[in-house]
Amino acid sequence: STAVADPAFQPGFRIGGSRRLSDVSSLTATYWHYEGDSRGGLELPGGSGFVRSEIVHPNTLNVASDSLAATANYGIDFQMADAAYRRVLRHGDNYAINWSIGLRYANLDQDLDSTFSILGTTTVDTEIDFDGVGPRMGLDAEFELDDGWLLYGQGAANFLTGEFRGNYR
């Protein structure tokens, strides 16, 4: 049997705004945020098999290799912020093409706490964190249709540099 601590659908949000500087330029800012968590577990009656941990370090000598019960708590937190200068590259009566340049900041935090038990317990805790910042470049286009609809498309490249930190206990 396999047990999984897998976050199901949980809402996040994205919010942003723009400040017009002139008829052809603006400053924009956007912020994303998501938090998810999950709990999972598995318990087997005695004599019906064992639960084997796939996350216990294999060279650890003082842990039980088999268990009858396992629980896990998994959490993920993600946030990202963009700030950019946006300017019209080309425009007409019913379309506009814009370029933008700016910065992106990203943060990712993942935590996993798990416990495996038979006569004693084996606990595994991991933390993985990332913080990064870097330049952002993009293009977007808008095309107004005759019946009041607007078609648009956006594309951007982000180059983040940062640091991953990981702890395993």
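Definitions and cut-offs
- Residues numbered from 1 in each chain as written.
- Predicted model: local features only at pLDDT ≥ 70, side-chain atom pairs only at ≥ 80, totals over all residues.
- Heavy atoms only, no water.
- Salt bridge = Lys/Arg side-chain N within 4 Å of Asp/Glu carboxyl O.
- Helix = DSSP H or I, 4+ residues; strand = E, 2+ residues; numbered from the N terminus.
- Buried < 20%, exposed > 50% of the residue type's maximum accessible area, 1.4 Å probe, protein only.
- Phe/Tyr/Trp six-rings, centres within 6.5 Å; stacked < 30°, edge-to-face > 60°.
- Pairing = 2+ DSSP bridges.

Participant: Explain the pattern of salt bridges to me, please; I cannot follow it from the model alone.
Facilitator: When their charged atoms lie close together, side chains carrying opposite charge are able to pair. The tally for this structure, following the rule as stated, stands at seven salt bridges. The shortest N-O distance in the salt bridge between Arg86 and Glu142 comes to 3.9 Å. Highlighted residues: Arg86 in strand β3 (residues 69-91) and Glu142 in strand β5 (residues 121-144), separated in sequence by 56 residues. Glu142 sits in the partly exposed class, given a relative accessible area of 34%. The partner of Arg165 in a salt bridge is Glu163, and the shortest N-O contact between them spans 3.8 Å. Salt bridges sharing partners connect three or more residues here, namely Asp82, Arg104 and Arg136.

Participant: Which parts of the structure should I look at to understand the packing of aromatic side chains?
Facilitator: Centre distance and the angle of the planes are the two values used to describe a pair of aromatic rings. Overall, the coordinates contain three aromatic pairs when judged by the stated rule. Ring geometry for Phe130 versus Phe164: centroids 4.6 Å apart, planes at 40°, classification tilted. Linking Phe130 in strand β5 with Phe164 in strand β7 (residues 161-168), this pair joins segments that are 34 residues apart in sequence.

Participant: It is not clear to me how the environment of Leu42 should be interpreted in this structure. Could you clarify?
Facilitator: Within the secondary structure layout, Leu42 lies in strand β2 (residues 25-43). Take Leu42: its relative accessible area is 19%, and that puts it in the buried class. Through-space distance from the C-alpha of Leu42 to that of Ala69 is 5.5 Å; in sequence the pair is 27 residues apart.

Participant: I tried to follow the side chain of Asp125 on my own but got confused; where do I start?
Facilitator: Counting through the fold element by element, Asp125 comes out in strand β5. Note on Asp125: relative accessible area 19%, which makes it buried.

Participant: Can you walk me through the pairing of β3 in this structure?
Facilitator: Regular strands place side chains that alternate from one sheet face to the opposite one. As judged from the 19 bridges shared by β2 and β3, these two strands associate in the antiparallel manner. Among the inter-strand pairings, Glu35 is bridged to a residue of β3, identified as Asp77. By the bridge criterion, 22 bridges tie β3 to strand β4 (residues 95-117) in an arrangement that is antiparallel. Looking at the pairing, Arg87 lines up with Trp99 of β4.

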